[in-house]
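In case you want the letters, here they are:
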Amino acid sequence: MKRRSIYVFVSTALAMLVPAPGRFVYGLVLVLQMNLLMLIGILTNSLTKKLSLETEAPVILLGVTVAATIIFRQFLVLLNPELALTLGFIIFLMPISFFFLGYLFNETEENLSKRLKFTFSHLFTFSIYAILYFLVRDIFGYGTITYFNSSFQIIEKVLIAEDKVSVFSILASIPGSLLFSSIILFIHIVIRNRYNIIKNMEACE
């Protein structure tokens, strides 16, 4: 994944997270799915190239990621049917989006280990942003924090009284989540640009 692709990936990932319910537990599940699909996508693409199946690679990649998503959803159904039902079609947005960003998997100037290391170093950063995104929406949008117990059931703990949440309740809505995700993306870009500036200054010294 080249640096020019990072912002496209982050924007697309945020677009997938915006329609999701603003609960912390849903964020954890979607971030886990995103990391698994990215890993499967890179490994699948690498395998198709070793088998000289570059022409069929897009179809294979789409089929594998969709199949992985179906299996992932079935695990959710077994563990917590309510969770799988609530997320619904959002689970299937991810493989489709990754397919349209298929060129991210097709950059082969580096070997597999380097590509995995570079990709997941950036994906880890975004995962932190995404988790914080859902955590803030849960706490300030609903006045609660949700988490899983040992039986994978969703537990809700009230942190802020209902009458005090109304001011920030917009974060629980899709327009509010869109605005908040835009702020997160802006922060991500600013931090990365400053990091690149500092890195270039050090290189010039």
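See the structure above.
Residues numbered from 1 in each chain as written. Predicted model: local features only at pLDDT ≥ 70, side-chain atom pairs only at ≥ 80, totals over all residues. Heavy atoms only, no water.

Q: Could you give an account of the overall build of the chain, naming the residues involved and the relevant values?
A: If you tally the helices and strands in the chain, you get eight helices and two strands. A total of 205 residues make up the chain; the buried ones form 39% of that total. Residue pairs in contact within the chain that sit at least 24 positions apart in sequence constitute 76% of those at least 6 positions apart. Surface accessibility of the chain: about 11300 Å² in total, with carbon and sulfur atoms responsible for 70%. (Helix = DSSP H or I, 4+ residues; strand = E, 2+ residues; numbered from the N terminus. Buried < 20%, exposed > 50% of the residue type's maximum accessible area, 1.4 Å probe, protein only. Contact = heavy atoms within 4.5 Å. Areas by Shrake-Rupley, 256 points an atom, 1.4 Å probe, with all protein chains shown as cover.)

Q: Before we move on, can you summarise the pairing of strand β2 (residues 154-158) with the specific residues and values?
A: Alignment of strand β1 (residues 144-148) against β2, held across five bridges, turns out to be antiparallel. Bridge pairing in β2 places F148 opposite I154. Two successive antiparallel strands, β1 and β2, enclose a turn made up of five residues, where F152 displays a positive phi of approximately 65 degrees. (Pairing = 2+ DSSP bridges.)

Q: So what's going on with unusual backbone geometry? Which residues, and what values?
A: Non-glycine residue F152 carries a positive phi angle of around 65 degrees. Counting through the fold element by element, F152 comes out in the loop between β1 and β2. Using a relative accessible area of 22% as the deciding quantity, one classes F152 as partly exposed.

Q: Break down the nonpolar core for me, with residues and values.
A: Core analysis: the biggest nonpolar cluster contains 30 residues, and L17, L30, L76, L87 and Y133 have the highest contact counts within it. Contributions of two or more residues to this core are made by α2 (24-50), α3 (57-79), α4 (81-87), α5 (90-100), α6 (112-142) and α8 (174-204). It is α2 that contributes the most residues to this core, nine residues altogether. Apart from the residues lying within four places of it in its own chain, the contact partners of Y133 are L17, V18, S177, F180, S181 and I184. (Core = buried A, V, L, I, M, F, W, Y, C linked by side-chain atoms within 4.5 Å.)

Q: Tell me about the pattern of salt bridges, and name the residues and values.
A: Scanning all chains against the criterion turns up two salt bridges. Where D138 meets R23, a salt bridge forms, and the shortest distance between an N and an O atom there is 3.3 Å. On the criterion of sequence distance, the pair formed by D138 in helix α6 and R23 in the loop between α1 (3-17) and α2 is long-range, its members being 115 residues apart. For D138, a relative accessible area of 0% puts it in the buried group. Residue classification places R23 among the buried residues on the basis of a relative accessible area of 17%. Across the pair R23 and E156 runs a salt bridge, and its minimum N-O distance is 3.2 Å. Taken as a pair, R23 in the loop between α1 and α2 and E156 in strand β2 lie far apart in primary sequence, 133 residues in all. (Salt bridge = Lys/Arg side-chain N within 4 Å of Asp/Glu carboxyl O.)

Q: Give me the lowdown on α3, citing residues and values where you can.
A: The terminal C-alpha atoms of α3, which comprises 23 residues, lie 33 Å apart, in line with the 33 Å expected from a rise of 1.5 Å per residue. Restricting attention to buried positions, one finds in α3 the residues A57, L61, T65, A68, T69, F72 and L76. (Expected span 1.5 Å × (residues − 1).)

Q: Could you give an account of the packing of aromatic side chains, with specific residues and numbers?
A: A full pass over the atoms with the stated rule returns two aromatic pairs. Taking 5.0 Å as the distance between ring centres and 85 degrees as the angle between the ring planes, the aromatic pair formed by Y133 and F134 counts as edge-to-face. In this structure Y133 comes out as buried when scored by relative accessible area, which is 0%. With relative accessibility at 0%, the residue F134 sits in the buried group. With 4.3 Å between their ring centres and 5 degrees between their planes, F148 and F152 make a pair best called stacked. Taking relative accessible area as the criterion, F148 reaches 22% and is therefore assigned partly exposed. Positioned above the aromatic ring of Y142, the side-chain terminus of R23 is 3.8 Å from the ring centre. (Phe/Tyr/Trp six-rings, centres within 6.5 Å; stacked < 30°, edge-to-face > 60°. Lys NZ or Arg CZ within 6 Å of the ring centre and 35° of its normal.)

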